[in-house]
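Observations on chain architecture
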Amino acid sequence: MVGSIAMMEIRAVQARLDAIKNNILPGSESVTDIKKITAGASKNTYKFSVKVASQKKTYILRVAEDKSIEHESTINIKMEANILAVAKLANVKVPEVSYILEDHDGLGEGYIMGYVAGETIPRKILRDKKFEKTRLLLAAQYGQQLATIHTIDSGKIEDLPASNLLQTLARFRSDIDSYAPSSPVFEYAYLWLVTNQPQTTERQCFVHGDFRNGNVMVGEQGIEAVLDWELCHKGDPMEDLAWLMLNPWRFGNVDSPVGGVGREEDLFNAYEAAGGVLDIDRVRYWQIACTLRWGLTCSFARYIFNTGAEKKLEHALIARRISETEIDLLRLLRVDKS
Amino acid sequence: MIDTPFPVDLLNAVLDSLSADILPVIDKDSRFQLLMIINAIKIVTRQLSLSDANEKDEYLRLIELLQQEGTVEQLNMALSAKIASSSIDSGSSLLLDHLVKTTREKLAIDQPDYQSYRTL
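Residues numbered from 1 in each chain as written. Chains lettered and ligands numbered in written order. Predicted model: local features only at pLDDT ≥ 70, side-chain atom pairs only at ≥ 80, totals over all residues.

**Points about the overall build of chain A**
Each helix and strand counted, chain A has 12 helices and 9 strands in total. C-alpha extents for chain A along the principal axes are approximately 65 × 50 × 40 Å. Within chain A, contacts between residues at least 6 apart in sequence are counted, and of these 69% link residues at least 24 apart. (Helix = DSSP H or I, 4+ residues; strand = E, 2+ residues; numbered from the N terminus. Contact = placed C-beta atoms within 7 Å.)

Here you go:
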């Protein structure tokens, strides 16, 4: 790919960043400490510092990468930068975008944002002693951030995908047909979702789409930044609350439904206190819909593994988590009563 | 006749060696990869010992439910289609019992320790 830095050496990236250092921070003297970040699934993310008047400021460079297993995403990297900027205006905790790459910068498509220190690895946030007090704060902070996210003006984001409940169900139908054609449990759950749609009117607003443990940068004071906006869309805000409470993001802390750290009422109370409008029936409905959605993402990983040229162990293991989503569905639907 | 050890025993020896000899000395960056490898081998080991009996039970239940012949995959597709078109009673205890049993059997191979669903 011409202009991509996927194959580029660190030295070449450094030279190109050096050429735009004054766009990143006026008065910059040099670019230092450049390092590729390997954490998480993001491949093309670099951390670097800029020196200005004997001080150092640290940044993150994010460039477009190959499609991940997030098959639903239609957010390209330029939109992502725009979303971060609009989210910042709405007072959501997000990194500040410093510069959007131009073609002639020779770094491909992407942007540069301020570096936010913290931890994203769920097991560390859930188990490390240093987050002992933080954990008590998180459920309420999640609620507060989600209520703020739901005030983002979706009209300011060009080409933001929109999905009402009927469109979501249509998407499930085609995903089942394409990636899980022989799963009676998914079929059963889908039928339930079609025949038990909530009676209340669906509200539509900006929805993050993947707000959960692992996609939030956490420091000792709690949330430092909300990350991973690739699945954001205009939709039902109750979807975000349900997704956050999905069983897989509890990482074994099964009695703490809010991302393995907190109680439902702390999330709900903080969400309402920050201006969010709660509809518990819709949250319950979305918990089932979101479990099916995660099951279909696992099914897509299986499809990629079975049909793709590259056989990634990670995809194979995600495929073997389909049964986990099926038992979760049977339980939520009270078919499994044991 | 192929000599013993049996595949399951060989794989268990591989697992023991990976856990006892490699895991303690491997560098931090490769540790996660090794844990994924160990997890994958464990799945295969369980599948080798469980899948024949499980699939036979599933097969017999599917035939009883659908009153037709076919491979396990064909029968699962047929059952899926019947649920989708509401041409099978979605409240029938025969169906619900089958869904729970089949999912449990899959889980016994994929993640036998998975208990979290019990709190849902």
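Having seen the model, we can carry on.
**Looking at the nonpolar core**
Residue and element names in this part refer to chain A. Among the nonpolar cores identified, the biggest contains 93 residues, and Leu-241, Ala-242, Leu-244 and Leu-292 are the most heavily contacted of them. For this core, the leading source of residues is helix α10 (residues 280-307), giving 12 residues. Apart from residues no more than four positions distant in its own chain, Ala-242 is found in contact with Val-283, Trp-286, Gln-287 and Cys-290. (Core = buried A, V, L, I, M, F, W, Y, C linked by C-beta atoms within 7 Å. Buried ≥ 20, exposed ≤ 12 C-beta atoms within 10 Å, placed from the backbone.)

**Things to note about the interface of chain A and chain B**
Contacts between chain A and chain B engage 27 residues on the former and 26 residues on the latter. For the side of chain A that touches chain B, the secondary structure elements donating two or more residues are α7 (184-195), α11 (313-319) and α12 (322-332) of chain A. With 8 residues, the single largest contributor to the side of chain A that touches chain B is α12(A). Considered class by class, the residues forming the side of chain A that touches chain B number 13 nonpolar, 4 polar and 10 charged. (Nonpolar A, V, L, I, M, F, W, Y, C, P; charged D, E, K, R; others polar.)

**Description of the environment of Glu158(A)**
Inspection of the secondary structure assignment puts Glu158(A) in the loop between α5 (132-149) and α6 (165-179). Taking the C-alpha atoms as reference points, Glu158(A) and Ile83(A), 75 residues apart in sequence, are found 9.5 Å from one another.

**Some points on the pairing of strand β8 (residues 222-226) of chain A**
Residues and elements named next belong to chain A. One ladder, built from 4 bridges, connects strand β7 (residues 216-219) with β8; its direction is antiparallel. The residue bridging Met-217 from the neighbouring strand is Ala-225, located in β8. Taking the residues that link successive antiparallel strands as the turn, the β7-β8 hairpin has 2 residues. (Pairing = 2+ DSSP bridges.)

**Digging into the environment of Glu58(B)**
Residues and elements named next belong to chain B. Of note, Glu-58 is situated in helix α2 (residues 28-66). A count of 18 C-beta atoms within 10 Å places Glu-58 in the partly exposed class. What Glu-58 contacts, discounting residues up to four positions off in sequence, is Val-72, Thr-102 and Glu-105.

**Quick notes on the packing of helix α1 (residues 7-22) of chain B against α2(B)**
Packed helix pairs are specified by the crossing angle of their axes together with the interaxial distance, meaning the distance between the axes. All names here are of chain B. Orientation of α1 relative to α2, taken along the N-to-C sense of each, is 160°, at an axis distance of 10 Å. Classified by the angle between their axes, α1 and α2 sit roughly antiparallel to one another. Along this stretch, α1 crosses α2, giving a crossing that reads as left-handed. Residues Pro-7, Val-8, Leu-11, Asn-12, Val-14, Leu-15, Leu-18, Ser-19 and Ile-22 of α1 form the contact with α2, whose participating residues are Leu-34, Ile-38, Ile-41, Lys-42, Val-44, Thr-45, Leu-48 and Ser-49. (Axes fitted to C-alpha atoms, helices over the stretch in contact; angles between N-to-C directions. Parallel < 35°, antiparallel > 145°, perpendicular 65-115°, else oblique. Left-handed = near helix turned anticlockwise from the far one by under 90°.)

**What to know about the sheet that holds strand β4 (residues 97-100) of chain A**
All names here are of chain A. Strand order in this open sheet of 5 strands is β1-β2-β3-β5-β4, and the pairing throughout is antiparallel. A single partner strand is all that each edge strand has here, and the edge strands are β1 (30-36) and β4. Between one strand and the next, the sheet's axes are offset by a mean angle of 25°, whatever the strand orientation. Where β4 and strand β5 (residues 110-114) come together, 3 bridges link them in antiparallel fashion. Each bridged residue has a counterpart across the sheet, and for Ile-100 the counterpart in β5 is Tyr-111. Docked against the sheet, helix α1 (residues 10-19) engages β1, β2 (45-52) and β3 (55-63), running at close to 140° with respect to β1. Those strands touched by helix α3 (residues 77-89) are β3, β4 and β5, and its axis lies near 150° from that of β4.

**Let's talk about unusual backbone geometry**
Of all residues except glycine, most have a negative phi; of all peptide bonds, most are trans. In this structure, Pro5(B) follows Thr4(B) across a cis peptide bond, with omega equal to 5°. Here Pro5(B) lies in the segment before α1. At Ala53(A), a position not held by glycine, the phi torsion is positive, near 45°. Structurally, Ala53(A) can be placed in the loop between β2 and β3. Its identity as a non-glycine residue notwithstanding, Ser86(B) has a phi of 55°, on the positive side. Locating Ser86(B) in the fold gives a position in the loop between α3 (72-84) and α4 (93-110).

**Regarding the confidence of the model for chain B**
Across chain B, the average pLDDT comes to 94, with 100% of residues at 70 or higher. As scored by the predictor, the complex reaches a pTM of 0.90 and an ipTM of 0.94. (pLDDT = per-residue confidence, 0-100.)

**Thoughts on the domain arrangement of chain A**
One frequently used descriptor of interface size is the decrease in accessible area upon assembly of the parts. Residue and element names in this part refer to chain A. Here chain A is partitioned into domain 1 (10-114), domain 2 (117-159 + 210-227 + 248-276) and domain 3 (165-201 + 277-338). In this structure, domain 1 and domain 2 have C-alpha centres spaced 24 Å apart. Taken residue by residue, the interface counts 12 residues in domain 1 and 14 residues in domain 2. Among the residues forming the side of domain 1 that touches domain 2, the class breakdown is 8 nonpolar, 3 polar and 1 charged. (Domains from an automatic or database assignment.)

**What about the packing of α12(A) against α4(B)?**
Axis separation between α12(A) and α4(B) bottoms out at 9 Å; the angle between their running directions is 145°. Where α12(A) crosses over α4(B), the handedness of that crossing is left-handed. Across the interface between the two elements, Ser323(A), Glu324(A), Glu326(A), Ile327(A) and Leu330(A) from α12(A) touch Leu99(B), Val100(B), Thr103(B), Lys106(B), Leu107(B) and Asp110(B) from α4(B). Here the residues of the contact of α12(A) with α4(B) sort into 5 nonpolar, 2 polar and 4 charged.

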